[in-house]
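What follows is the residue order along each chain.
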Amino acid sequence: KMIFKNAIQLLSLIASSVVTANKVSLHRVPNHEFFQNLREFAKHVEAVEAEAKLKGCEVTKTSNMIKVSCKKDALTDSEGSISDSSDSIVIKNFMNSQYYGVVEIGTPAKEFRVIYDTGSANLWVPKEGCSNCGKRIVGKKAKYDSSDSSTYEENGDDFMITYGSGAVSGVWSYDTVNLGDVEVTKQPFAEVQDAGGLGFGYTIGHFDGILGLAFPGISIDGTTTVLENAQLQNAITEPVFSFYLGDNSDGELTFGGYDSSKFEGELTWIDVLEPTYWLIPVDTINVGKELLAERTSAVVDSGTSLMTGPSKKVKKYAAAVGAKPNPAGQYFLDCKDTRSMPDLVFGINGDEYTLEGKDIIIDAGNGQCLLAIMAMDMPPPNPQWILGDVFMRKYYTVFDFGNERVGFAKSL
């Protein structure tokens, strides 16, 4: 069985390097807009916290959210972060992303900006009349209208998915989906009726919906994913896709193979622990020569701008580099101090993947830099770390869902 698997992997590697692959441009949100969003979210958190205390409500802070408990109807919020009908109010995580791409749905095709997300498995976009789906001026979203598409087919089953930042709900439908030159027909996707669970982060985000690229094992209701259908319909030549994330520039998502002109050296492959998330084993994490964590795991997640880790570990790392937290949970430090930052080194499958100080900070302006790692506590057996866009910028990443493995090489 192992010999057979290795033979298949070798054939896949050879084929993937020579096929004519299909590419989707990934647009990078400029740093100043990204940080404007972070600042607006931090102000939103502070405003809600102040209002809660003024009304005599109890405020409890955890590593990745603020919980406000008060009498029913004590607070209301137009962005959906506060529920009018609940005694327990949660401000959701900011579902931020610096990269988004275009997907086309329907006939004639309509464009939607989506986060191509390896941390989930389904496609959803807001439908016409969706609640909590942006404003007319701020955060305006493209909306799907089934009456405009000649290839729409009704399903009507209920849809609901919960992300780290909250839940969205709607109904399942079928239509033609185009990812660059990859066309998939009769693709199940969700028309979202309410995105209130994503709160203020969705309102100010540069995306309309999500296109999940994780394994079918986490697909909601066992629905056939876009990648599955693309393979079944022979729309892609190989069950492989690859991310190149530009540093202060746009990126590129390749379906059906990878682009060897975007990285140096050879790809190093790591088998996933299970075909759900793109979850890989991590042997060690070091700050300089000091051990930070060992015998752990991480999800390689294109839908997370920063990296995340357990709050105690992140706090220890932040203290080591002199970074201080803000109300929304991000850590900042003086940019001049980044030159002396120790490397953050991930030991994975016998190889070392090094993030230097310049790799793990984002210039926020006015001499301040964002430490591109946030605290997020996930109870075992959930993965403890998320390797988001910060890691994937440094290392070109190939996702081979045919062989259930991830490949890394240093980006050019």
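The structure we're discussing is the one just above.
Residues numbered from 1 in each chain as written. Predicted model: local features only at pLDDT ≥ 70, side-chain atom pairs only at ≥ 80, totals over all residues. Heavy atoms only, no water.

The next subject is the overall build of the chain. Along the backbone of the chain there are 6 helices and 27 strands. Expressed as a percentage of its 412 residues, the buried residues of the chain come to 56%. Considering only intrachain contacts with a sequence separation of at least 6, the fraction spanning at least 24 residues in the chain is 68%. Of the roughly 18000 Å² that the chain leaves accessible, carbon and sulfur atoms contribute 49%. (Helix = DSSP H or I, 4+ residues; strand = E, 2+ residues; numbered from the N terminus. Buried < 20%, exposed > 50% of the residue type's maximum accessible area, 1.4 Å probe, protein only. Contact = heavy atoms within 4.5 Å. Areas by Shrake-Rupley, 256 points an atom, 1.4 Å probe, with all protein chains shown as cover.)

What follows is about the sheet that holds strand 18 (residues 324-325). Strand order in the open sheet formed by 4 strands is 18-19-23-22, with antiparallel pairing between adjacent strands. Pairing within the sheet leaves two strands with one partner each, and these edge strands are strand 18 and strand 22 (361-365). As paired strands, strand 18 and strand 19 (residues 331-334) are joined by 2 bridges and run antiparallel to one another. Paired with Lys324 across the two strands is Phe332, which belongs to strand 19. Along the sheet, helix 5 (residues 311-321) makes contact with strand 19 and strand 23 (368-371), crossing strand 19 at roughly 10°. (Pairing = 2+ DSSP bridges. Axes fitted to C-alpha atoms, helices over the stretch in contact; angles between N-to-C directions.)

All right, on to the nonpolar core then. As a rule of thumb, nonpolar side chains are buried together in soluble globular proteins. Membership of the largest hydrophobic core comes to 78 residues, with the highest contact counts inside it found for Tyr116, Phe255, Phe346, Ile360 and Leu371. Beyond its immediate sequence surroundings of up to four residues, Leu371 is in contact with Tyr317, Ala318, Val321, Ala323, Tyr331, Leu333, Met341, Ile360 and Ile361. Core analysis: the next-biggest nonpolar cluster, separate from the first, contains 16 residues, Phe159, Trp172, Ala195 and Ile220 among them. (Core = buried A, V, L, I, M, F, W, Y, C linked by side-chain atoms within 4.5 Å.)

Moving on, we get to the pattern of salt bridges. According to the stated counting rule, one finds 10 salt bridges in the structure shown. Taking the shortest distance from any N to any O, the salt bridge between Lys336 and Asp334 comes out at 2.9 Å. With a relative accessible area of 27%, Asp334 lands in the partly exposed category. A salt bridge links Arg405 to Asp400, with the nearest nitrogen and oxygen atoms 2.8 Å apart. Each of Glu252, Asp259 and Lys262 takes part in a single network of salt bridges with overlapping partners. (Salt bridge = Lys/Arg side-chain N within 4 Å of Asp/Glu carboxyl O.)

Glancing now at the state of the cysteines. Applying the stated rule across the entire model yields 2 disulfides. Cys130 shares a disulfide with Cys133; S-S distance 1.7 Å. Each member of the pair, Cys130 as well as Cys133, carries the same accessibility label: buried. Here Cys335 connects covalently by a disulfide to Cys369, the sulfurs 2.1 Å from one another. Across the S-S bond of Cys335 and Cys369 the torsion is about 105°, and the bridge reads as right-handed. Of the two residues, Cys335 is situated in the loop between strand 19 and strand 20 (344-348) and Cys369 in strand 23; the sequence distance between them amounts to 34 residues. With relative accessibility at 3%, the residue Cys369 sits in the buried group. When the bonded cysteines of the chain are numbered from the N-terminus onward, they pair as 1-2, 3-4. (Disulfide = S-S within 2.5 Å.)

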